[in-house]
Amino acid sequence: MLLLLRFLNFVTVLLGKIVAPLYSYFAKLPRKPLPALNEPEILNSSATILAQKIRTKQLTSERVVKAFIERCQQVNGQLNAIIEDRFEAALEDAKNVDRIIQNNEKSVEQLAKEKPLLGVPITFKECLMVKGLSYTAGAPSRKGIKATEDGDVVAALRNAGAIPIAVTNLPEFCCSFETRSEIIGHTSNPYDPNLTSGGSSGGEAALVSSAGSVIGVGSDFGGSVRVPSFFCGVFGHRPTSGIVSLTGHFPDSPDEAWQKRNSIGPLCRYAEDLKLVLAVMAGEKNSSSLNLDQKVNLSKLNIYYMLDRGFRISEESVNPDIKKSILKAAEHFRSTYESSVQKIHIAEMDDTLEMSMANVTQMEGLDAALTLKDPKDESCLFVEFLNLLRNKASYSREVLVMRFKDKLIPFLLPESKVPKYLSEANNLANRLKNLLKEDGVLFYPTSGCLAFYKRQLTWKETSMEYSEIVNVLGFPATHVPMGLNENGIPVGFQVIAAPNQDRLCFAVAEELQKAFGGWVPPPMSS
């Protein structure tokens, strides 16, 4: 434990409590509901069902794609989630799909195997290369840059028949748990426009939750798929490290620690879509190692759970609604399947912040992606902060703060301590592997707090350690929505499994959706 680091966290949490009354103003503002669904039969269907209906001619791809395009146009004015669309091109793609199906060029069985997402619309976080669309990673310095080709994940999903319709908002260089870019501004939470949608895949989470997209694809360096999924009430999966190619993601680094920590994963409203989409994203070779089609016997599943990491003055307590959702889920498995359910405390989790910082400090090539104008010019950061006050900075506040923290790391985490915390992370990974094996999952908070008001992140950032440690370890984890609290805000938690046991996360997600309802639509006008 690093006392100076914990002290600074304590001061941050304390200041957050002091300024909290200032945000109470937002609680009094009206929550404008989203427009009613234009095509509920389509928009309330999973990607799995839509693909099946398209290839069996029960629905045309054109009608499905058109319904989601119209929904995007309906809700985006309130959400501010879309950076650029390809609506006209997507409709042409859909018409081509319908011609293929009408001509009976392949059997329904062939289409299901070779093109499992044929005709289904899909959206992508804008840091992923989608040929012809904006590819700025939210950075004003990259404004106007377009992807010249598809990244690996985008290409795989296109080859499976999916039709990209838009790329969505994110913070600059994916550097925040709140989605606000200098290019288009804040993305709002569909349950309350005064709340953040989370980050950095907040554009995807907001659009998916609002039924503007049936499948979203985001990236997750420290919780950037799971946290916005949590805040927006949808499912989000962080795959086992190395299973999904990162080629086409910006920023990037060849460093092994970066490749292990960052991941690309799906967001969706229906748990059954997680397996389908991950199988496509991973490719035949990698998905075979996951045994996604192997049935999970829930009665033989070992359930472990942690409600928090214990009391500490340097961070906010985990919200009671989150703890209740974990307890409800654990009791469901105990009473319904007589699964082995055990509350545990893992002492190594105490130092997750230090482990995460040590993990980042060892990465090489990271500055090349996230640097300011001249990484050797130490005065540049100071100048940019001054420019920020004059609204003339070349970089967002989030990136400048990240760079400032980077400068502080040697003082907060001395280089001599880095090997100690890297070793702790390795020991924690081994302990969890031995605990979970091939038949165990851990129920654990995705974040310590619920969705908060915009621009409140500074005081809430310590709550994100719950998601970040999963990235450090390289384990798979799925955020599972567990309904809304009494204030209409999404609650839920993440399900963590050992490497290559993603299917356990999916089995638990599907069961909890069946038992507790999963995604609950945000307020909509009648």
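Just so we're clear, the structure is a prediction, and the values are computed from it rather than from any experiment.

Student: Can you help me understand the layout of surface pockets in this one?
Tutor: In this approach, a probe sized like a water molecule rolls over the atoms, and the result shows the empty space that is left. One number sums up the size of the second largest pocket: a volume of about 650 Å³. Lining the second largest pocket we find 21 residues, and of these A112, K113, P116, A279 and V280 sit closest to its centre. Elements with a minimum of two residues in the lining of the second largest pocket: α3 (47-55), α6 (108-114), α7 (152-159) and α11 (272-288). Per element, the largest residue contribution to the lining of the second largest pocket is eight residues, and it comes from α11.

Student: I would appreciate a short explanation of the environment of I122 in the present structure.
Tutor: With respect to the helices, strands and loops of the structure, I122 is situated in strand β2 (residues 121-125). We classify I122 as buried; its relative accessible area is 1%. Placed 150 residues apart in sequence, I122 and E272 show a C-alpha to C-alpha distance of 16 Å. Ignoring any residue separated from it by four or fewer positions in sequence, one finds I122 in contact with L157, A162, I163, P164, I165, A166, S213, I215 and V217.

Student: For this particular structure, what's the right way to read the packing of helix α4 (residues 61-79) against helix α5 (residues 87-102)?
Tutor: What describes two packed helices is the angle between their axes and the distance between those same axes. Their axes nearest at 8 Å, the elements α4 and α5 cross at an angle of 160 degrees. The angle between α4 and α5 places the two elements in the roughly antiparallel class. Crossing geometry of α4 relative to α5 is assigned as right-handed. Every residue of α5 that contacts α4 at S61, E62, V65, K66, I69, C72 and Q73 is listed here: F87, A90, L91, A94, K95, V97 and D98.

Student: Is there a simple way to explain the packing of aromatic side chains in this structure?
Tutor: Each pair of aromatic rings is reported with the distance of its centres and the angle of its planes. Enumeration according to the criterion identifies 10 aromatic pairs in this entry. Ring centres of Y135 and F250 lie 6.4 Å apart, and the angle between their planes is 70 degrees; on these two criteria the pair is classed as edge-to-face. With Y135 in the loop between β2 and α7 and F250 in the loop between β9 (235-238) and α10 (256-261), this residue pair connects regions lying 115 residues apart in the sequence. Using a relative accessible area of 10% as the deciding quantity, one classes Y135 as buried. Their ring planes at 55 degrees and their centres at 6.0 Å tell us that F173 and F250 sit as a pair that is tilted. With F173 in the loop between β3 (163-168) and β4 (180-181) and F250 in the loop between β9 and α10, this pair connects stretches of sequence that are 77 residues apart. For the pair F173 and F250, a shared accessibility class is recorded, and that class is buried. Across from the ring centre of W519, 5.1 Å away, lies the NZ or CZ of R269, which sits over that ring.

Student: So what exactly am I meant to see when it comes to a nonpolar patch on the surface here?
Tutor: On the surface, F382, V383, L386 and L389 cluster together into a nonpolar patch covering about 430 Å² of accessible area. Mapped onto the fold, L389 is located in helix α15 (residues 379-389). For L389, a relative accessible area of 74% corresponds to the exposed category.

Rules of the game
Residues numbered from 1 in each chain as written. Predicted model: local features only at pLDDT ≥ 70, side-chain atom pairs only at ≥ 80, totals over all residues. Heavy atoms only, no water. 1 Å grid on protein atoms, 1.4 Å probe; cavity = no way out; pocket = protein on both sides within 12 Å on 5 of 7 lines; lining within 4 Å. Points joined across faces, edges and corners; volume = space filled by probe spheres on them. Helix = DSSP H or I, 4+ residues; strand = E, 2+ residues; numbered from the N terminus. Buried < 20%, exposed > 50% of the residue type's maximum accessible area, 1.4 Å probe, protein only. Contact = heavy atoms within 4.5 Å. Axes fitted to C-alpha atoms, helices over the stretch in contact; angles between N-to-C directions. Parallel < 35°, antiparallel > 145°, perpendicular 65-115°, else oblique. Left-handed = near helix turned anticlockwise from the far one by under 90°. Phe/Tyr/Trp six-rings, centres within 6.5 Å; stacked < 30°, edge-to-face > 60°. Lys NZ or Arg CZ within 6 Å of the ring centre and 35° of its normal. Patch = residues over 30% accessible without salt bridge, like charges linked within 9 Å, V, L, I, M, F, W, Y side chains within 5 Å. Areas by Shrake-Rupley, 256 points an atom, 1.4 Å probe, with all protein chains shown as cover. Salt bridge = Lys/Arg side-chain N within 4 Å of Asp/Glu carboxyl O.

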